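Notes for the structure review
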Amino acid sequence: ALPIYLPAQVTTSFDGASLSRVPIGQLMPYHREVFEWGEQNASVFYDYGAEKFLRLKASIREHGVLEPITVYRSDRNADTPYEILAGKHRWMAVTELNKENPDEPKWKNITAIIKTKQEMEANDFAEADLIFTTTNTERRDEMKESERAAVCRMIASAYQHQGKCDTDMEQTRYLVERKTGFKKD
């Protein structure tokens, strides 16, 4: 695959979304990535370990970002209007490369698929949660039990909000297993 380098001002539309270069400073992680767990906050997914992150950064330095990140425009913060649904570690790597090479224009922006706010926030963020969980699950070789549990909870909730299943746990389990590949032991 070839890196996708669009000029900063170019936007291409497809399938209800657009593809554009977004300034790295206008991005932030998905607000539902962290959730309340008792009296503490917990992340659905753990960040990459140092070694894996350095390999990703080295690959991006050499080849560029080969796959656009996926974001949606949010009203949560005027300074960072885009929330990252898929590609947080690619964004973090480009952000570090920009700090290391502040005069290099290619690290100022990142190519992103921009989903519509209306679609992502509908049904209590069901579609956004599905994009967030499935893309992150697909990119991980191994997942901790706590990550698997959080993913299953988010996907089950998303399907219920979309009306794809009711509170019937067998149907919910079937849909979660189909989406993630997780099997009940």
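Note that the structure is predicted; figures quoted are calculated from it, not measured. (Residues numbered from 1 in each chain as written. Predicted model: local features only at pLDDT ≥ 70, side-chain atom pairs only at ≥ 80, totals over all residues. Heavy atoms only, no water.)

**Description of the packing of helix H3 (residues 117-138) against helix H4 (residues 145-161)**
The relative placement of two packed helices is expressed as an angle between their axes plus a distance between the axes. What counts here: To obtain each axis, a line is fitted to C-alpha atoms, and for helices this fit is confined to the stretch in contact; angles are then taken between N-to-C directions over 0 to 180 degrees. The way it works is that DSSP assigns letters per residue, a run of H or I at least four long becomes a helix, a run of E at least two long becomes a strand, and they are numbered from the N terminus. Should the near helix be turned anticlockwise from the far one by less than a right angle, the crossing is termed left-handed; should it be turned clockwise, right-handed. We call two residues in contact when some of their heavy atoms are within 4.5 Å. When residues are sorted by character, Ala, Val, Leu, Ile, Met, Phe, Trp, Tyr, Cys and Pro go into the nonpolar class, Asp, Glu, Lys and Arg into the charged class, and all the rest, Gly among them, into the polar class.
It is at 8 Å that the axes of H3 and H4 come closest, and there the two elements cross at 140°. In the packing of H3 onto H4, the handedness of the crossing is left-handed. In contact with Asn123, Asp124, Ala126, Asp129, Leu130, Phe132, Thr133, Thr134 and Thr137 of H3, H4 contributes Val151, Met154, Ile155, Ala158, Tyr159 and His161. The residue makeup of the contact of H3 with H4, split by class, is eight nonpolar, five polar and two charged.

**As for the side chain of Thr80**
Residue placement: Thr80 occurs in the loop between strand E6 (69-73) and strand E7 (82-86). Residues contacting Thr80, with those up to four places away along its chain left out, are Gly25, Gln26, Leu27 and Met28.

**Describing the packing of aromatic side chains**
Filter applied, for reference: Classification of ring pairs uses Phe, Tyr and Trp, with its six-membered ring standing for Trp, and accepts pairs whose centres are within 6.5 Å; under 30 degrees between planes counts as stacked, over 60 as edge-to-face, and the remaining range as tilted. Any residue under 20% of the maximum accessible area for its type is buried, any over 50% is exposed, and the rest in between are partly exposed; the area is computed with a 1.4 Å probe on protein chains only. The rule is short: NZ of Lys or CZ of Arg within 6 Å of the ring centre and within 35 degrees of the ring normal puts a charge over the ring.
Inspection of the entire model under this criterion finds one aromatic pair. For the ring pair Tyr30 and Phe132, a centre distance of 5.3 Å and an interplane angle of 55° mean the geometry is tilted. Remark: Phe132 occurs in helix H3 and Tyr30 occurs in the loop between strand E3 (27-29) and strand E4 (34-37); sequence separation between them is 102 residues. Considered together, Tyr30 and Phe132 belong to a single accessibility category, that of buried residues. Across the ring face of Tyr48, the terminal group of Lys52 is positioned such that the distance to the ring centre comes to 4.3 Å.

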